[in-house]
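Fold and contact review
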4 protein chains.
Amino acid sequence: MNTFGTIFRIHIFGESHGPAVGILIDGCPAGMDIDADMFSADLNRRKGGVQKGTTPRAEPDIPVFLSGVFNNKTTGAPLTIIFENTNTRSQDYEKQREIPRPGHADFVAQEKYKGMQDYRGGGHFSGRLTVALVAAGVIAKNILARRNIHCKASIIEIAGETNIEKGLQKAIDAKDSVGGIVDCHITGLPVGLGEPFFNSVESLLSHLVFSIPAIKGIEFGAGFSAAKMFGSEHNDPLLNKEGKTSTNHAGGIVGGITNGNEVNFKVVVKPTSSTPQKQTSLNLATGKPEVFSIKGRHDLCIALRVPVVLEAAAACVMADLLFINDQQLHYS
Amino acid sequence: MNTFGTIFRIHIFGESHGPAVGILIDGCPAGMDIDADMFSADLNRRKGGVQKGTTPRAEPDIPVFLSGVFNNKTTGAPLTIIFENTNTRSQDYEKQREIPRPGHADFVAQEKYKGMQDYRGGGHFSGRLTVALVAAGVIAKNILARRNIHCKASIIEIAGETNIEKGLQKAIDAKDSVGGIVDCHITGLPVGLGEPFFNSVESLLSHLVFSIPAIKGIEFGAGFSAAKMFGSEHNDPLLNKEGKTSTNHAGGIVGGITNGNEVNFKVVVKPTSSTPQKQTSLNLATGKPEVFSIKGRHDLCIALRVPVVLEAAAACVMADLLFINDQQLHYS
Amino acid sequence: MNTFGTIFRIHIFGESHGPAVGILIDGCPAGMDIDADMFSADLNRRKGGVQKGTTPRAEPDIPVFLSGVFNNKTTGAPLTIIFENTNTRSQDYEKQREIPRPGHADFVAQEKYKGMQDYRGGGHFSGRLTVALVAAGVIAKNILARRNIHCKASIIEIAGETNIEKGLQKAIDAKDSVGGIVDCHITGLPVGLGEPFFNSVESLLSHLVFSIPAIKGIEFGAGFSAAKMFGSEHNDPLLNKEGKTSTNHAGGIVGGITNGNEVNFKVVVKPTSSTPQKQTSLNLATGKPEVFSIKGRHDLCIALRVPVVLEAAAACVMADLLFINDQQLHYS
Amino acid sequence: MNTFGTIFRIHIFGESHGPAVGILIDGCPAGMDIDADMFSADLNRRKGGVQKGTTPRAEPDIPVFLSGVFNNKTTGAPLTIIFENTNTRSQDYEKQREIPRPGHADFVAQEKYKGMQDYRGGGHFSGRLTVALVAAGVIAKNILARRNIHCKASIIEIAGETNIEKGLQKAIDAKDSVGGIVDCHITGLPVGLGEPFFNSVESLLSHLVFSIPAIKGIEFGAGFSAAKMFGSEHNDPLLNKEGKTSTNHAGGIVGGITNGNEVNFKVVVKPTSSTPQKQTSLNLATGKPEVFSIKGRHDLCIALRVPVVLEAAAACVMADLLFINDQQLHYS
């Protein structure tokens, strides 16, 4: 239930205000160079704080290698990477508890775990855990890079604007949070990754992508606009024996299998659940509606921090598919 | 790789022109009434042929129970349901082979399986296999119905038109295939299904939904329109202790967990790859582009046949999540 | 629950008196020659009937390929092999039902499936299903043979006698069933298969081996006799860089990993549960003990039919481990 | 590959001389009381040092809860327990490296991981990691205890002697390590746990049991002695409707399913690989045989420390099977 992958397998754990968050990775090959520095670039991209509209938790985010690393190389044994939680203010979470925040997991966690969940800062549901996904992504990207495969994601729309600055200004002006759309491209993939039906590339990518908090939709290639296209328009004509097509409405995936073109997908990120606006929710103690507002500084647009997490998810899926595919080279 | 589910587990097999297509289901409880009649309604919905724009393969689609059934009851042992292929015309598939059809899996199958795939009628990639998914869906729906959980999907848009007839007429007029959008609602779910991160309800639903051929996008609740909403607008205010919210922009899933509201998602179905229009592809034998057209009658809009398959996928996911959840009742 | 393997994955189904028994195999590479003939030798070894002490069900045991085969080659798609049940006499199973046969699964099946199980001839618990394991074994052996890996099992003891004839005569004289010990050797394995801890080679082999009905113990290398050895005696001194050791008390597995020597293990097969002798059991209808005897002809020593099934299990495990291992070749 | 279980799932990690060893547990229900004290008894049993023949690493073995615990209760989120490694002497492991120790994983690790493994103190192959299994066992036992299910293992033979003291004296006199046999009983189990074939109770127990270093054989009930029994003798006559039998040669498992009697199995533990005796191995640097002896104090009989680890393995399997079984209560 808490595992993703077949050969390159990840398991996530931790809570926002517990001792640490982390990831356990099985199937990482032995002999990969690894040190804290190689994680910096991606960890910094996740942090936000530079751009307006983001409010970073000012933590150093230093990866600690609990297992699977020796002499700055992966050993081939299970690789555990943790990030200690140092910046956990002792707020009055008890008080907040009575009023589940709309859009947050407060209510479902309370019901599912019968009140036993760690509710501080979202607990295990916190976006804080994406730091662990980013770390797994760094490992996966490293595996892919050796085969010249690269994942690149970027924001393409904020608050309905393709100009990021303009979209953020809308949020600032409205004193409200906003959503956005993130685009991801994977280049260099061979033809033939994925399996028909249950392990189609779309199935696996969407599976891991929807593990990222706040993502509520995904589309491959032409995606939802395909609903308005004719077949003769949507079909991508084949140009050469390597699979190159003149258009890429399929997003690089046909029959669930990579077809030799760039894999491309877009996701929608909902507006940050924590908005500066006043909101109404039910006070579970009194059983009555209550108007309240969320304290503290929060990201106005969490979508800004999603690209590097999306790349991580894409990279983990592709590293696993490559390893699965390798076995198929060894018959005949 | 060819398995979906943790407790209620399905495995699919077969080719369009092989002896049969089928599904093996583990984890189906013993004692469920089962006979061929209970599959008729859903199998007929998949067939099409009644509505204009669909061209059914005129096969009887009679489920044969190879294992797991005794005296018209499930036994609790692995349940295998097959559909024999009877209507497989011996067309000249060899000739077609040289020119991979755009939008079809012809090219990727050729590359992935090094020419060993059964290429007749799409082989294992054929939409024919969705008959097996529908059969699994009938079993899953039966499990859900005992708890008053129901899945219902319907077409909401064809060729950009919300009037189905009008959309189909567009296809007929243009002599081209068209796509559409299908909407699915799941009612009666308890709060608490799904797991944070890797087994979020969105992750599992999208995983299985993207196993259905031709689906290229999925969105939950407000979906892509969330990108243009403010947080105060998107958040669903909680109304009562059962989780009921006044709006349902989250599509019934928060933090990856069902929240007591209807689960709602939409998918986009690309236009049928087989279009009556002339198309260009590469002739792999000559290495040159070639204009050709696809012979025979095909669905102008495959989306029309998707709703019952989508319900089946949703039902299989939910049956599995319910069984997983049951264990959590047994502590404390 | 009904799946074994990570890349080369098998799923078993069927009942002794249902329409068929079979196996679904995922991860079989495309391009392997396959026809019914290649299964004959192993299927005949399973049948018994030649040797005294075995009573074959006189069925032809012809494999039918429901999926994954085209033009006498595997396609790479899920491979389904079934064996139709033709020789199922309509005995009065209802009467027998009241008295669970000692040593058989009658009682546990009745309780687990609440009386819904197919009880005819043991139903899904029948040794009949080992025909499906043998079929999977033929596929796996074929994969291994290309790398010069071979599995060979043979009877080494019957009824306490190392002379098979003598052991069987004991059974015939006593008019009672007897057990035996089967030895299995796997040659040609590379160093490095298996994983530390949960996927040790011993873990995986024993997992699948204990799926074979009637096996109640397994030991690797020196096995239970290691309990009486000194460390200096049990340790296998290394002779060369390929891993060859002068003795093989470890059975070719150290730290859960193949060490370059022959993998060797022994299993014990309990006496056939169906014995000609009178026995006592509880009549579930009357609630009273009842003396009865099992009708019909049965194997006096089921162990005689186990070697080919044991080879099949060993081959399936090793094919899977080889495929898993292949990915490790592709880094560095 | 590094995961065991379906609902109650464990993942192990760490190296003997790395920062920590640990276990990640999914599927632990919310609301279980948890603190370091509840682990003490079992952790102490694993330590040895009290009895002659054992040489404990004098470490405190204090469980640290990295995730899944809040206010001394499990939260239902993934539970991570680590044990920091504090007593890791900086020996000259480099020198030892050239000569793989017989019976140890030195050689296979070197080959499998191409020299990248953490070789200090056995690295990931170290018996040190069983501390993590014991911790998982404490959690699993707690789950079982609520249903009055208990696992109890004990030494029944050392160096061929049923008197433990006498067996150990043999080792001391011979200045050599010795092996032993450990017996395990599980009481209070319901009828019906396990699945036919691939998830038989014997399959699952043996799978996890062979994850414990140094175990080389397992037998259920009468085990290997069944090879010398007649069927009429081995069969356990049913006494009552709860499944109680007058004998228990089946070890409480028939057809792979628990039958309402005590589950019983025995394992053989090979002599400790590290013996005080001089041994010969290959020096990989020189390519020549070399006589050497292992430095430091080591357990003369590692079997003495196995019982609590065996109980842990048994408890983890049974907790998982119970959770799987619970879903079956919810139909009909």
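Below or above, wherever it landed, is the structure these notes cover.

Criteria and cut-off values
- Residues numbered from 1 in each chain as written.
- Chains lettered and ligands numbered in written order.
- Predicted model: local features only at pLDDT ≥ 70, side-chain atom pairs only at ≥ 80, totals over all residues.
- Heavy atoms only, no water.
- Helix = DSSP H or I, 4+ residues; strand = E, 2+ residues; numbered from the N terminus.
- Buried < 20%, exposed > 50% of the residue type's maximum accessible area, 1.4 Å probe, protein only.
- Contact = heavy atoms within 4.5 Å.
- Areas by Shrake-Rupley, 256 points an atom, 1.4 Å probe, with all protein chains shown as cover.
- Lys, Arg positive; Asp, Glu negative; His and termini not counted.
- Charge placed at Lys NZ, Arg CZ, Asp CG, Glu CD.
- Least-squares fit on C-alpha atoms with pLDDT ≥ 70 in both.
- Pairing = 2+ DSSP bridges.
- Core = buried A, V, L, I, M, F, W, Y, C linked by side-chain atoms within 4.5 Å.
- Phe/Tyr/Trp six-rings, centres within 6.5 Å; stacked < 30°, edge-to-face > 60°.
- Disulfide = S-S within 2.5 Å.
- Polar contact = N/O pair within 3.5 Å; in protein donor to acceptor, adjacent residues only side chain to side chain.
- Expected span 1.5 Å × (residues − 1).
- Axes fitted to C-alpha atoms, helices over the stretch in contact; angles between N-to-C directions.
- Buried area = accessible area lost by both parts, 1.4 Å probe.
- Salt bridge = Lys/Arg side-chain N within 4 Å of Asp/Glu carboxyl O.

**A few points about the overall build of chain A**
Counting its secondary structure elements, chain A contains eight helices and 15 strands. Each principal axis of the C-alpha atoms in chain A carries an extent, and together these give about 70 × 55 × 35 Å. Across the 332 residues of chain A, 65% fall into the buried class. Here the contacts in chain A between residues at least 6 apart in sequence split such that 72% fall between residues at least 24 apart. Summed over all atoms, the accessible surface of chain A reaches about 10900 Å², with 50% contributed by carbon and sulfur. Charge separation in chain A, taken as the distance between the mean sites of 33 positive and 33 negative side-chain charges, equals 5 Å.

**Description of the relation of the copies chain B and chain A**
Once turned by 180 degrees and shifted 0.0 Å along the axis, chain B lies on chain A with an RMSD of 0.0 Å. Both copies of the chain, as the preceding transformation shows, are related through a two-fold rotation axis. Most of the interface of chain B is mirrored in chain A, where 100% of its interface residues are also at the interface.

**Concerning the sheet that holds strand β3 (residues 20-26) of chain D**
Residues and elements named next belong to chain D. With antiparallel pairing, five strands are arranged side by side in an open sheet as β1-β2-β3-β7-β4. Both outer strands of the open sheet, β1 (3-4) and β4 (64-67), are each paired with one neighbouring strand and no more. As judged from the six bridges shared by β3 and strand β7 (residues 79-84), these two strands associate in the antiparallel manner. If you follow Ile-25 over to β7, its bridge partner there is Leu-79.

**Considerations on the nonpolar core**
Within the largest apolar cluster, 329 residues are counted, with the highest numbers of intra-cluster contacts made by Phe-265 of chain A, Phe-265 of chain B, Phe-265 of chain C together with Phe-265 of chain D. In contact with Phe-265 of chain B, not counting residues within four places along its chain, are Val-182, Asp-183, Cys-184, Ile-186, Leu-205, Val-209, Ile-218, Glu-219, Phe-220, Leu-310 and Ala-314 of chain B.

**Details of the packing of aromatic side chains**
The full count for this structure, using the stated rule, is 26 aromatic pairs over all chains. Between Tyr-119 of chain A and Phe-70 of chain D, the aromatic rings sit 5.2 Å apart at their centres with planes inclined by 85 degrees, giving edge-to-face as the arrangement. Of the two residues, Tyr-119 of chain A is situated in the loop between α3 (106-112) and α4 (130-145) and Phe-70 of chain D in strand β5 (residues 69-70); the pairing between them involves two chains. A single burial state applies to Tyr-119 of chain A and to Phe-70 of chain D, both of which are buried.

**Details of the state of the cysteines**
All names here are of chain B. Taken as a whole and judged by the stated rule, the model has zero disulfides over all chains. Residue Cys-316 stays outside any disulfide, its sulfur separated by 9.1 Å from that of Cys-151, the closest cysteine. Note on Cys-316: relative accessible area 3%, which makes it buried.

**A few points about the side chain of Thr-75 of chain C**
For Thr-75 of chain C, the position within the fold is in the loop between β6 (73-74) and β7 (79-84). From its side chain, Thr-75 of chain C meets the backbone nitrogen of Ala-77 of chain C in a polar contact 3.1 Å long. Contacts of Thr-75 of chain C, omitting those with residues within four sequence positions, involve Glu-15, Tyr-113, Met-116, Gln-117 and Asp-118 of chain B together with Ala-30, Gly-68, Val-69 and Phe-70 of chain C.

**As for the environment of Thr-286 of chain C**
All names here are of chain C. Relative to the elements of secondary structure, Thr-286 occurs in the loop between β14 (279-283) and β15 (288-292). Each C-alpha atom, one on Thr-286 and one on Asp-236, is 59 Å from the other, the two residues being 50 residues apart in sequence. A distance of 3.1 Å separates a polar atom in the side chain of Thr-286 from the backbone nitrogen of Lys-288.

**Focus: α4 of chain A**
Relative to the 22 Å expected for 16 residues at 1.5 Å per residue, α4 of chain A spans 22 Å between its end C-alpha atoms, a close match to the ideal helical length. Counted residue by residue, α4 of chain A has 14 buried out of 16 residues, so it is predominantly covered.

**Concerning the sheet that holds strand β4 (residues 64-67) of chain A**
Residue and element names in this part refer to chain A. With antiparallel pairing, five strands are arranged side by side in an open sheet as β1-β2-β3-β7-β4. Single-partner strands in this sheet number two, and they are β1 (3-4) and β4. Pairing geometry for β1 and strand β2 (residues 9-14), over two bridges, is antiparallel. Opposite Phe-4, over in β2, you have Ile-10 as the bridge partner. The sheet contacts of α4 involve β2, β3 (20-26) and β7 (79-84), and relative to β3 the element is tilted by about 30 degrees.

**Some words on the interface of chain B and chain A**
Counting residues at the interface gives 105 residues for chain B, matched by 105 residues for chain A. When the two sides are added together, the surface that chain B and chain A hide from each other amounts to roughly 7900 Å², 67% of it contributed by carbon and sulfur. It is Phe-197, Phe-198 and Lys-216 of chain B in chain B that bury the most area against chain A; as a group they hold 12% of the surface buried on that side. Where chain B touches chain A, the interface holds six salt bridges. The partner of Glu-202 of chain B in a salt bridge is Lys-216 of chain A, with the nearest N and O atoms 2.9 Å apart. Taken together, the connections running from chain B to chain A amount to 41 residue pairs in polar contact (both at pLDDT 80 or more).

**Here's the deal with unusual backbone geometry**
Backbone geometry places Asp-61 of chain A, a non-glycine residue, at a positive phi of 55 degrees. As for its position among the elements, Asp-61 of chain A is in the loop between α1 (37-47) and β4. When its relative accessible area of 8% is taken as the criterion, Asp-61 of chain A is described as buried. Although it is not a glycine, Asn-148 of chain D adopts a positive phi angle of roughly 60 degrees. With respect to the helices and strands, the residue Asn-148 of chain D is situated in the loop between α4 (130-145) and β8 (150-158). Of the residues examined, Asn-148 of chain D reaches a relative accessible area of 56% and is grouped as exposed.

**Structural notes on the environment of Asp-42 of chain D**
Residue and element names in this part refer to chain D. Tracing the sequence through the fold places Asp-42 in helix α1 (residues 37-47). Asp-42 sits in the buried class, given a relative accessible area of 11%. Linking Asp-42 and Val-309, residues 267 residues apart in sequence, is a C-alpha distance of 8.7 Å. Apart from the residues lying within four places of it in its own chain, the contact partners of Asp-42 are Val-134, Val-138, Lys-141 and Val-308. Reaching out from Asp-42, the side chain makes a polar contact with the side chain of Lys-141 at a distance of 2.6 Å.

**Re the pairing of strand β10 (residues 215-220) of chain C**
All names here are of chain C. Counting buried residues in β10 gives six out of six residues, a clear majority hidden from the surface. Inspection of the sheet shows β10 paired to strand β13 (residues 263-269) by five bridges, in the antiparallel sense. Following the sheet pairing, Glu-219 is matched in β13 by Lys-266.

**What to know about the pattern of salt bridges**
Throughout the structure, instances matching the rule amount to 68 salt bridges over all chains. Close ionic contact of Asp-299 of chain B with Arg-305 of chain B constitutes a salt bridge, the shortest N to O distance being 2.7 Å. For Asp-299 of chain B, a relative accessible area of 7% puts it in the buried group. Here Asp-26 of chain C and Arg-9 of chain C are joined by a salt bridge, their closest N and O atoms 2.8 Å apart. With Asp-26 of chain C in strand β3 (residues 20-26) and Arg-9 of chain C in strand β2 (residues 9-14), this residue pair connects regions lying 17 residues apart in the sequence. Through salt bridges with shared partners, a single ionic network connects Asp-42, Arg-45, Lys-141, Lys-152 and Glu-311 of chain A.

Nothing here speaks to function; it is geometry throughout.
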